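Fold and geometry: a report
Given next are the chains, with one letter for each unit.
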Amino acid sequence: MSIESVLHENRVFEPSADFVKNANVSGMSAYNALCKEATDDFQGFWAKLARELLVWNKPFTKTLNEDNAPFYKWFEDGELNVSANCLDKHLNTIPNKVAIIFEADDGSVTNVTFKELYHRVCQFANGLKKLNLTVGDRVIIYLPMGIDAVVAMQACARLGLTHSVVFGGFSAKSLNERIIDAGAVAVITSDGQFRGGKALPLKPAVDEGIAMGGCESIKNVVVLKKTGQEITWNQNGNANNIWWHDLIAGQADTCEPVMLSAEHPLFLLYTSGSTGKPKGVQHSSAGYLLHAMNSMRWTFDVKDNDVFWCTADVGWITGHTYVAYGPLAMGVTQVVFEGIPTYPDAGRFWQMIQKHKVSIFYTAPTAIRSLIKASETTASTHPKSYDLSSLRLLGSVGEPINPEAWMWYYENVGGGHCPIVDTFWQTETGGHVITPLPGATSLVPGSCTLPFPGIDIDVVDETGKDVPWGTGGLLVIKKPWPSMIRTIYNDPERYKSSYYPVDLGGKIYLAGDGAVRDAKTGNFTIMGRIDDVLNVSGHRLGTMEIESALVSNPLVAEAAVVGKPHDIKGESVVAYVVLKGQRPEGEELKKIVAQLRDWVGKEIGPIAKPDEIRFGDNLPKTRSGKIMRRLLRSLAKGEEITSDISTLDNPAILDQLKEVVK
Ligand code: WTA
């Protein structure tokens, strides 16, 4: 997206009178009143919400503890259980309401009520208890998208086990690194997973990951029978393998939730940073759930009769907050989808919205862009071929949505009458931090508009000083908020230096994105990451991670990775590689390209495979030996190099690096 185009975007979409009338936050005056309340009495604002929305076993008396900032604590002397807040609380009010409408890859549908889900979670939790797990133990969940993944997460929450979900598309190596970093004691996985009409293996990656070593902490591997494919058994070190169905056989379907401190770590979720290994972002219980619920209420405006569908996998933060926790805690019916948007054809999403009468739909710009493309070629997959009249609200997340895609989504999916909430947030923020509230905010395509009430988010310069509206700078959050990251697991120093850098005074949270506020309205536009993190199809990838994966291949001497704008994925991965020894040509070199792409797929996961690999005798470096990434980015885009390259040590290689080996 070009920032210029958004800054000059003058289309404005006001909420309809009808929407405003019925909205949970009705009109700009209501929005402004909430913001004022938060400014006037910051702690009081959050304390009131926490008392209103959460069910406490023991009420908190202290709202915020800043003694050891930036390691903030919220509601710390309160006690509750997150799973009880998502399930038990509904047993007397809406036991027979459908909690999850699950649609499998093959189109078959299973409905689960809140009461049924409660029993499934309890039964699985009782099974887990047999494995001698104790409160605070870390459990890896490596499961396909589905009811069972939600059950596994909720069962961990019920027992106070800290889960760490690893997306099913990550490799054995990624799994191995996460197991080791988290010191996990168990893995919950399945034999395989269905995607796009195929049964793909999953358990072998667990076996392989554990066999790579360092995973002695894993005592049990629980295996869900999903596809029924052949798997090996007990081939992973000392870990005991047990079927999910055997674990729960004969187990009672009620299980007392363990009451925990508000600050108890609900989960770790690994995400990419600018340097080194992925970081284990640690979230709390009460503060996290509070914001999950409140953003369901204010951003998604959920009502009792809504059918909510967030298309994200539970392997990502969006699937944590807006699938596994937020909708359940709010008692709203949601769709959970196992498959992919293009199977059996690119009309799948629209067909499912029609079939399940979805009223709130939340997806990523990358999905929208790919479906625009598909619908241009086949009329039958165009949203207009479906009855989407049940929709009343649309959402977007994960990356900037370009105004063209926004308009297409608005007109073709939303029929020109559904507001779009373009929600900006991060794994670290736990929930939305900049977003329109649909019954209040005027929408501008390509802008995520205004702060969520209570989130003190702004733009500053490199020294931490405010910049005037209209000037670009660093996106920061100036006050702590309940759903914020608590630390990086095992690495509190990295937490401080990544998010509370001393350059900015050490007291404000650095998001890692560049942003600008509109000079008149104060609307935010996100300008993308300021660090070496790429956003490929809404997934965060560290360039350093991909570089280290490449360099660990025996053929590679040196590698540099940059992002290149991509029509559908937002960004694509371009790798510059220096091979050890003589570089072959023609078919031989093509083979190496294929080998290296596969290698990255194995080291990290298929999402990280470079789209393009280019080779040189060397990489462009300054005389002091620094790789000139800016130059590499220009080369990737095919731009003429007009900048000063006089500091470049070896200008002759630029021509080599222009060539893409296909
Ligand atoms: C980007 C996903 C523009 C941003 C919830 C952020 C966005 C990173 C938006 C976090 C948006 C997310 N507009 N950019 N609406 N939402 N981003 O941790 O660069 O997977 O820092 O969390 O995605 O990605 P993460």
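Taking an unreviewed UniProt entry as the reference, the chain is identified by name as Acetyl-coenzyme A synthetase belonging to Methylotenera versatilis. Here the chain is described in UniProt, under the heading Sequence similarities (unreviewed entry), as follows: "Belongs to the ATP-dependent AMP-binding enzyme family." Annotation of the chain in UniProt includes, under Catalytic activity (unreviewed entry), the sentence "acetate + ATP + CoA = acetyl-CoA + AMP + diphosphate".

Glancing now at the pairing of strand β21 (residues 457–460). Residues of β21 alternate between two faces, with Ile457 and Val459 on one and Asp458 and Val460 on the opposite face, all of them buried. Taken together, the four bridges between β21 and strand β22 (residues 473–477) define a ladder with antiparallel strand orientation. Bridge assignment links Asp458 to a residue of β22, and that residue is Val476.

Mapped onto the present numbering, the UniProt feature "domain: Acetyl-coenzyme A synthetase N-terminal" (unreviewed entry) falls at residues 31–86. In the segment residues 31–86, helix accounts for 48% and strand for 11%; the C-alpha atoms at its two ends are 27 Å apart.

Taken together, 17 residues sit near the ligand, with Thr423, Thr427, Asp513, Arg529 and Arg540 positioned nearest. Interatomic distance of 2.8 Å between a backbone N/O atom of Thr423 and a nitrogen atom of the ligand. Contact distances for the ligand include 2.8 Å between an oxygen atom and a side-chain N or O atom of Arg529. Burial of the ligand by the protein amounts to 95% of the accessible area it has alone, namely 530 Å².

All right, on to the pattern of salt bridges then. A full pass over the atoms with the stated rule returns 35 salt bridges. With a shortest N-O distance of 3.5 Å, Glu639 and Lys637 are connected by a salt bridge. Taking the relative accessible area as the measure of exposure, Glu639 reaches 36% and is therefore partly exposed. One network of salt bridges, in which partners are shared, links Asp301, Lys303, Asp306 and Arg392.

Turning our attention to helix α17 (residues 543–551). Considered for burial, the residues of α17 that qualify are Thr543, Glu545, Ile546, Glu547, Ala549 and Leu550. Those residues of α17 that are buried lie in contact with β26 (533–536), β27 (539–542), β28 (556–566), β29 (570–579), α18 (586–603) and α19 (629–637).

Next up on the list: helix α16 (residues 492–499). All of the buried residues along α16 are Arg494, Tyr495 and Tyr499. For α16, the buried positions fall inside an angular range of 105° around the axis, keeping them on one side.

The next subject is the side chain of Asn176. Tracing the backbone through its elements, the reader meets Asn176 in helix α8 (residues 172–182). For Asn176, a relative accessible area of 7% corresponds to the buried category. Among the polar contacts listed, one links the side chain of Asn176 to the backbone oxygen of Gly213, at a separation of 3.0 Å. Those residues in contact with Asn176 that lie beyond four places of it in its chain are Gly209, Met212, Gly213 and Cys215.

Strand order in this open sheet of four strands is β21-β22-β24-β25, and the pairing throughout is antiparallel. Looking at which strands have only one partner, the edges of the open sheet turn out to be β21 and β25 (524–529). Each neighbouring strand pair of the sheet contributes to a mean axis angle of 45°, computed without reference to strand direction. Examined bridge by bridge, β22 and strand β24 (residues 509–517) share four bridges and lie antiparallel to one another. Bridging across to β24, Gly473 finds its partner in Ala515.

Turning to unusual backbone geometry, a few remarks are in order. Cis rather than trans, the peptide bond between Ala69 and Pro70 has omega equal to 5°. With respect to the element layout, Pro70 can be found in the loop between β1 (64–65) and β2 (73–74). For the bond running from Tyr343 to Pro344, omega is -5°, close enough to zero to count as cis. Take Pro344: it is sitting in the loop between β17 (333–337) and α13 (348–356). In this model, Asp301 sits at a positive phi of 55°, which is unusual for a non-glycine residue. Within the secondary structure layout, Asp301 lies in the loop between α11 (286–298) and β16 (307–310). Located in the positive-phi region is Ser537, a residue other than glycine, with phi close to 50°. Inspection of the secondary structure puts Ser537 in the loop between β26 and β27. Judged by relative accessible area, which is 22%, Ser537 ranks as partly exposed.

The rules behind each value
- Residues numbered from 1 in each chain as written.
- Predicted model: local features only at pLDDT ≥ 70, side-chain atom pairs only at ≥ 80, totals over all residues.
- Heavy atoms only, no water.
- UniProt positions renumbered as here; feature names shortened; annotations may be inferred.
- Buried < 20%, exposed > 50% of the residue type's maximum accessible area, 1.4 Å probe, protein only.
- Helix = DSSP H or I, 4+ residues; strand = E, 2+ residues; numbered from the N terminus.
- Pairing = 2+ DSSP bridges.
- Near = heavy atom within 4 Å.
- Polar contact = N/O pair within 3.5 Å; in protein donor to acceptor, adjacent residues only side chain to side chain.
- Areas by Shrake-Rupley, 256 points an atom, 1.4 Å probe, with all protein chains shown as cover.
- Salt bridge = Lys/Arg side-chain N within 4 Å of Asp/Glu carboxyl O.
- Contact = heavy atoms within 4.5 Å.
- Arc of directions from axis to C-beta.
- Axes fitted to C-alpha atoms, helices over the stretch in contact; angles between N-to-C directions.

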